[in-house]
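What follows is each chain in one-letter form.
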Amino acid sequence: MLDSDETPLLSVPTDHDLIYQRYSPAQKRLLVAIVSLCGLIAPFISGTFLPSIPRIAAELQTTGAMISYAVSLSVLAAFVGPLIGTTYAAYCMFLVLFDG
């Protein structure tokens, strides 16, 4: 066989391929696990406070509806915050990749 028959067609990695080789497979799994666990924080917050709303309301001398409102706002912020952060991060990445 000729040498040209044994060499791969795409032997030189492109810049696009190098981005995905930046982290090892173990590091990629760790990052996915961390992000996944962070995604579980908001449901955990609401599930933790829900049964204790009457007691918290009694200790803070307020109504259960007010405590429920505060917990709902924190859960809403936990869900909306990443949407805003993702948009901002994508914009910054666009500037770094295509403008700089």
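Predicted model only: the values in this text are computed from it and were never measured. (Residues numbered from 1 in each chain as written. Predicted model: local features only at pLDDT ≥ 70, side-chain atom pairs only at ≥ 80, totals over all residues. Heavy atoms only, no water.)

J.: Which residues make up the overall build of the chain, and what values go with them?
T.: Each helix and strand in the chain was counted, giving six helices and zero strands. For the chain, the residues scored as buried account for 6% of the 100 residues in total. (Helix = DSSP H or I, 4+ residues; strand = E, 2+ residues; numbered from the N terminus. Buried < 20%, exposed > 50% of the residue type's maximum accessible area, 1.4 Å probe, protein only.)

J.: Outline the confidence of the model for the chain, listing residues and values.
T.: In this model, the chain carries an average pLDDT of 79, and 79% of its residues clear a pLDDT of 70 or more. The least confident element of the chain is helix α1 (residues 3-6), whose mean pLDDT is 62; the most confident is helix α5 (residues 53-59), at 92. (pLDDT = per-residue confidence, 0-100.)

J.: Report on the pattern of salt bridges, specifying residues and quantitative values.
T.: According to the stated counting rule, one finds one salt bridge in the structure shown. With its nearest N and O atoms 3.1 Å apart, the salt bridge here joins Glu59 to Arg55. Highlighted residues: Glu59 and Arg55, both in helix α5, separated by four residues, approximately one helical turn. Exposure remark for Glu59: the relative accessible area of 57% places this residue in the exposed category. Given a relative accessible area of 61%, Arg55 falls into the exposed group. (Salt bridge = Lys/Arg side-chain N within 4 Å of Asp/Glu carboxyl O.)

J.: Tell me about the packing of helix α3 (residues 25-39) against helix α4 (residues 41-49), and name the residues and values.
T.: Put simply, α3 and α4 touch, their axes get as near as 4 Å, and they point 30 degrees apart. Compared by their axis directions, α3 and α4 come out roughly parallel. Contacts from Leu37, Cys38 and Gly39 of α3 reach α4 at Ile41, Ala42 and Pro43. Among the residues forming the contact of α3 with α4, the class breakdown is five nonpolar, one polar and no charged. (Axes fitted to C-alpha atoms, helices over the stretch in contact; angles between N-to-C directions. Parallel < 35°, antiparallel > 145°, perpendicular 65-115°, else oblique. Contact = heavy atoms within 4.5 Å. Nonpolar A, V, L, I, M, F, W, Y, C, P; charged D, E, K, R; others polar.)

J.: Go over the UniProt feature "transmembrane region" (unreviewed entry) in the chain with me, naming the residues and quoting the values.
T.: Per the UniProt record, "transmembrane region" (unreviewed entry) is found at residues 30-50 and 70-98. Structurally, residues 30-50 comprises 90% helix and 0% strand, and the distance from its first C-alpha atom to its last is 31 Å. (UniProt positions renumbered as here; feature names shortened; annotations may be inferred.)

J.: A description of unusual backbone geometry should follow, citing residues and the corresponding values.
T.: In this model, Gln61 sits at a positive phi of 55 degrees, which is unusual for a non-glycine residue. Locating Gln61 in the fold gives a position in the loop between α5 and α6 (64-99). Accessibility expressed as a relative area gives 75% for Gln61, which makes it exposed.

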